[in-house]
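Structural description and commentary
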Amino acid sequence: MWSRFADFVIKRRTPVLGAILVLSLFFALQYGNLRYDNRLTQWIPEEDETLKLLKTTGEKFGANELILVMTRPAEGDVFSPSFLKTVKDLTRELREHRDVFLVTSLANVPYIEKSGDMLEIRDFLETVPDTPTRLEELRAYALGKENYVDNVVSGDGRWLALAVYLKARNDPIRAFREEVLPLVEERLGRRAEVHYSGIPSDAYFADRFVASDLGRLVPLIAFLVMLVLYFSFRRASGVVYPLLVVGVASFWVFGFMALFRWKMTLITPAVPVLLIALGSEYGIHLMDRIQAESSGPDRARGVREAVKQVAPPIAMAALTTIGGFLSFSTAKLRIIQDFGILSAWGILFALIVALTLIPAARASARKEEKQSASRPAAGFTPLVKVLSRAVMRRPRLILAVSLIVFLFFLAWIPRIEREVNFTEYYPPGSPPRAGAGIAQEHFGGAYPLTLYVQSDGEAQGVKSAGLLRLVRRASNLLLDIDGAGLPYSAADLIQELNFQLNGSYAVPDTDTGVANLWFFLEGRAELGQLVTEDASECLVVAKARSAATPLMRSIFSRLGDSLRAEFGGPWLEYRPAGLSAGQASEVRAAEAALAAEELSRLAVRYGDGADFDAAETRRRLIRIAGSLPSPGDRDVLEAAERVFGDFVRSEAFPFFMDPASRERLLRDLLGARATADDPRPGWVAALRKHAPAADYDAELAADAAETLALRLEEARTAAFAARAWSAIEDLLPERARRDENARRKIMGLLAEPADGLAVLPEGRVAAPSSGRVGLLRIEQSGTPSALARLDHFLLLSQVQSLALALVVTFLLMSAMRKSFRLGIVSLVPILVTVAAVYGTLGLAGVPLDYATMMIAGLSLGVGIDYTIHFVYGVKRALERTGSLEEAVAAAYEEKGRAILANSLAVTMGFLVLLLSSMSPLRHFGGMMVVSMLLAALASLTTLPALLLWVKPFKRTAGTAPAPGAALKKKS
Amino acid sequence: MNKKITTLVCLGIFCLGAGISARGQSAEEILGKVDAAVSGAAAPRDMEAVMTMTITSASGAVKTRRLRVWSQAAGGGASRRLMKFLSPPDVRDIGFLSLSDDQMYLYLPEFRRIRRIASHNKSENFVGSDFSYEDLGASAFSLSYAPSLAGQDDATWTLVLERKPGSDKLYKRIRLVVSKEALLPVRMEIHDNSGALVKVEEQENGRAGSYRVPVLIRMKDVKSGSRTELVMSDIKVDRGLTDEVFTQRNLQRRAQ
């Protein structure tokens, strides 16, 4: 078959060479479609639920494509008018870009404050102050707001941040490169220090590093391989043709990639390096044979003979290498799948080009090349002789040493760490590493950690009081998670508004109350990041301090467990006012217990991890919940007097009365009337008594009584919260006790057991509920879940690809040699190599990442080539000599140098990767160097020793000619 | 002969006068007429109507709100306004009272509280619509803007209004198209401080009694793509609304 193939190529060499040229032109035309994509979220399988949720939160909330732009002025203070104005203008300009979903900075972070009876809700920097006093007030205010600090301003007030959320649907990397980066550099570049952090900016820099690597490494490896080839062949054709093969194959591979719109990633630079390193072997072996067979005048005959001899082993070698690469197609990670399939195609191209271009070109060559006096790769002869002698004399010792080596390195494999965090891949001091460092130190990180909340589609959606309390509860779970920053959600906005309006940092106890407060927030830009337009879904947003893989795994695991434990079952709403005294008491006690849990998380977080007696807190709160304040209690009456007075004395009071009359009315409203079971009729009577007769209106009086009832209820709730605080104050860590934000939140929590709504897990109490909370699901999303999934898939891909590569290689070898024993024998040297390489990862602390996980499959696919060639050499020699020992010795003679020369060429290629900008490629290159050298050594030690011990061949004597025998016969 | 000359001279004077009167209205005069029709002598002294507000986001999501609106001219081109929400149920009885540019109040019925809204909130959008609080006010243009006549056709004048120095109005420039017949705006192209076009308002005018009043106002946010439509119905004018209507007391009364 191969003779006929060789004849075809030689006879039609001009069309063959023409076809190669045409194909090359075709692929060249595709190059304009080459693109990068280093967004690691794109590598997760499409069908994965984590990815689907990531896409949902990205599209609906712009939550994932976050770029944190961190800046401080080169000179002067952050809180200077000119710098603040620049940041304000930049915020506005960025928001206007079509690819930007939302921008939050100090300029537009919500400012919600009450001053007297006036409520302000506006952007923080509505106007930029220009007096030192006002600027100082601004700074003090900003640094005192916990949702500003670590978000838009650093805790030390020296850095500002703009959180730029890009639209997920559009290309975030292009948006960063073409819109965000130029604008920021234009506005800030000259006058400020600027850093970027976040996945889109990290991916942008990765693209640049990848491009730089491609430009630097490919020519370098080509040069090094040229040197090796020249050293081996000592002639121009020995260099040109193998290099031409891999050059054309690499060119086709990138054109192929562009044709199918596959994107280049951080491991793409390894493809041409691999092709040059591995594919050159086919040209080397073919040129070596052509040189040996073409010493006579009939060049074509020599080429034909060389093809006939070399094509089978190099085809087998290519097939097994392709099999090794194709094992990656089962990997769950797209980056690995694409790399494997692309490399497989590259090897196929190299094989096709080698078996067509070289024979066609050599058959066409007119000039007689001077034969080199020395044999190819003669420099390796002494080493081959040493290895041959050692193995032939002591095969069992060699096998014993191989076993010890195998077991030693196997023991280190469990120590291998995994690293999927992109930031760690960049060189130290590079923009992404610097940005990540600033983000971590000053802004609590730049990696979104979110909780996605979906309502059951009822009318009010997440604007339900019950559901918002659950959102608040879920967000407080994040306080327990190490490495997670302070969460923020629509519940926080509502609570803040409620505090400013009504004095209580709590979610109101009615849906209408929430809707009333929501009214203030309608149209505010930041709401778009927290709630969907139809209010059926919302997001709790926080940040992870870093994206280190162990932290990501920990957050994903702990948060997942917490969410499942909390929200695995339905939650119900209860209205204590509609229950019997006993039932109401049961409900309040259960609610107090739940409040104690949330309070514990707040206390520990604000107390910086100080000791906190959660159990005692719970006991005290449950006890307090058993006795609600009465209207007649002194603290309630004192509060009622204040709020009643505000109402009666205000312009909004429904009756026109002089001040003295109002005071008399006030006295009448308080006292006995207020302590009645239902004080409203008494209040109506008081109004009728004191309001001018002409002005009196029964409907207005009833309405005023309702207002007073509401105020009294608020006073009772506030009194309960104050009593609860007094009961547990001594248990709180001091820092938490003194922190205003902590106090506000804790007081809000403490008020809820006394208000009109309780939200409890189903089955917690026997009392009848007023309905289910409309919660469908709460799930985590963001960087931790993405990286945790990537980590999981990395491990899965590693195991799957290794297993598949082993099976495929074993089957191929067994089929080709029609012997299972030979199949197993062929695998053993590779297994020793792979164990040694992976054991080295564990020993040296080199992490398993997107690149190093491919070592096993590649080592199998490449290392098996050496085995194939050596076994082929043994088999051919066995057919001549009939003696296994002589056959092994002959194989050393025939194949040893080529194996070593080839491993050196391959090693040189991988050495080049040590110069890569990205650590995965450096690790990969280094480990592949070790792997290739070990594979060559194992094929020349373990393999021959195993062949001598196992004796897997059937003896057939005298059927194969010695190399060059055809030439000698003719002459 | 003399009679003929006299006739010709009169005819000539008449034509000249007609020509002058056709070209003669200055931008200030036109704007003055608009102000009078919107909030001055030619405007209703007071008005009560039902307003249906339809907010369509850039993605096409639609929210509809119904309000009852009362307004009263307050002199000097200013006006007072009271709005109470009728639907949907979650915003029913929420009230908004505007007494002047820096006196605005909001009533939240669930909490039975009135809160004054800070004056610099006027740039904020009203309940998520594309109208800011300032847009909903009805102060005279000429108090804050200097007009120039940019063009006219048979039906309309086009004025360009430039914000006067010292004015605290939000918009730097407004291109105002005025109906010659109604003397009311039919289109406004609104530019922000950087000169960029940010909003476009279109207005259809109708009749209420002897007055011309806006019956449909559409505001489009050019950058975000969202739009809001206000449809006025059940319009009653000059009902002699008392000052009591525009008080905090009345603000907290239930909407009828």
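Before reading further, recall that the structure is shown in the block above.
Values in this document were obtained by computation on a predicted structure and should not be read as measured data. Numbering of residues starts from 1 in each chain and follows the order in which that chain's sequence is written. Each chain gets a letter, beginning with A, and each ligand a number, beginning with 1, in the order they are written. Residue-level local features of this predicted model are given only where pLDDT is at least 70; pairs of side-chain atoms are given and counted only at 80 or more, and the full residue set underlies all totals for whole chains, interfaces and linings. Excluding hydrogens and water, the side-chain values take into account all heavy atoms of the structure.

A look at the sheet that holds strand 8 (residues 537-544) of chain A
Residues and elements named next belong to chain A. Here 3 strands make up an open sheet; going across it, the order is 8-7-12 and the pairing antiparallel. Of all the strands in the sheet, the pair left with one neighbour each is strand 8 and strand 12 (775-782). Between one strand axis and the next, the sheet turns through 15° on average, direction left out of account. At least two bridges found by DSSP between two strands is the condition for calling them paired. Where helices and strands are cited, they refer to DSSP runs of H or I of at least four residues and of E of at least two residues respectively, numbered from the N terminus. Sheet analysis places strand 7 (residues 447-455) next to strand 8, joined by 8 bridges and oriented antiparallel. Bridging across to strand 8, L449 finds its partner in A542. Each of strand 7, strand 8 and strand 12 is contacted by helix 3 (residues 49-61), which is oriented at about 95° to strand 12, the strand it contacts most. Interaxial angles span 0 to 180 degrees and are taken between N-to-C directions of axes, which are lines fitted to C-alpha atoms, for helices over the stretch in contact. Whether two residues touch is decided by their heavy atoms; if any such pair falls within 4.5 Å, the residues are in contact.

Concerning the packing of aromatic side chains
All names here are of chain A. In this analysis, rings of Phe, Tyr and Trp, with Trp reduced to its six-membered ring, are considered paired at centre separations within 6.5 Å, and the interplanar angle assigns stacked below 30 degrees, edge-to-face beyond 60, and tilted for intermediate values. Overall, the coordinates contain 34 aromatic pairs over all chains when judged by the stated rule. Ring centres 4.7 Å apart and planes at 35° place the aromatic pair F256 and W345 in the tilted group. Separated by 89 residues along the polypeptide, F256 in helix 8 (residues 236-259) and W345 in helix 11 (residues 334-364) bring together distant segments of the chain. Only protein chains enter the area calculation, which uses a 1.4 Å probe; residues under 20% of their type maximum are buried, those over 50% are exposed, and those in between are partly exposed. Among the residues examined, W345 registers a relative accessible area of 33% and is labelled partly exposed. An angle of 35° between the planes, with centres 5.9 Å apart, marks the rings of F567 and W571 as tilted. One exposure class covers both F567 and W571, and it is buried. Chaining the aromatic ring pairs together yields one cluster made of F26, F27, W252, F256, F260, W262, W345 and F349.

Some remarks on the interface of chain B and chain A
In this assembly, 34 residues from chain B lie in contact with 42 residues from chain A. Summing both partners gives a buried area of about 3600 Å² for chain B against chain A, and 49% of it is carried by carbon and sulfur. By buried area we mean the combined loss of accessible area, with a 1.4 Å probe, across both parts when two parts are placed together. Per-residue buried area on chain B facing chain A is highest for R112, R115 and R249 of chain B; these three make up 21% of the total on that side. Across the pair D703 of chain A and R112 of chain B runs a salt bridge whose closest N-O atoms are separated by 3.3 Å. Any pair of N or O atoms that falls within 3.5 Å is considered a polar contact. Within protein, one atom must be able to donate a hydrogen and the other to accept it, and sequence-neighbouring residues count only if both atoms are side-chain atoms. Summed over the shared surface of chain B and chain A, the result is 18 residue pairs in polar contact (both at pLDDT 80 or more). Counting residues per element, the ones that place at least two in the side of chain B that touches chain A are strand 2 (62-75), strand 5 (103-108), strand 6 (113-117) and helix 5 (248-251) of chain B. A total of 5 residues in the side of chain B that touches chain A trace back to one element, the largest contributor, which is strand 6 of chain B. Residues are sorted three ways: Asp, Glu, Lys and Arg are charged, Ala, Val, Leu, Ile, Met, Phe, Trp, Tyr, Cys and Pro are nonpolar, and all the rest, Gly among them, are polar. Looking at the side of chain B that touches chain A residue by residue, the classes come out as 12 nonpolar, 8 polar and 14 charged. Two strands pair when backbone bridges link them, and strand 4 (residues 118-123) of chain A and strand 6 of chain B are joined in this way by 2 bridges, in the parallel orientation. Looking at the pairing, M118 of chain A lines up with R116 of chain B of strand 6 of chain B. Take a side-chain nitrogen of Lys or Arg and a carboxyl oxygen of Asp or Glu: if they are within 4 Å of each other, that pair is a salt bridge.

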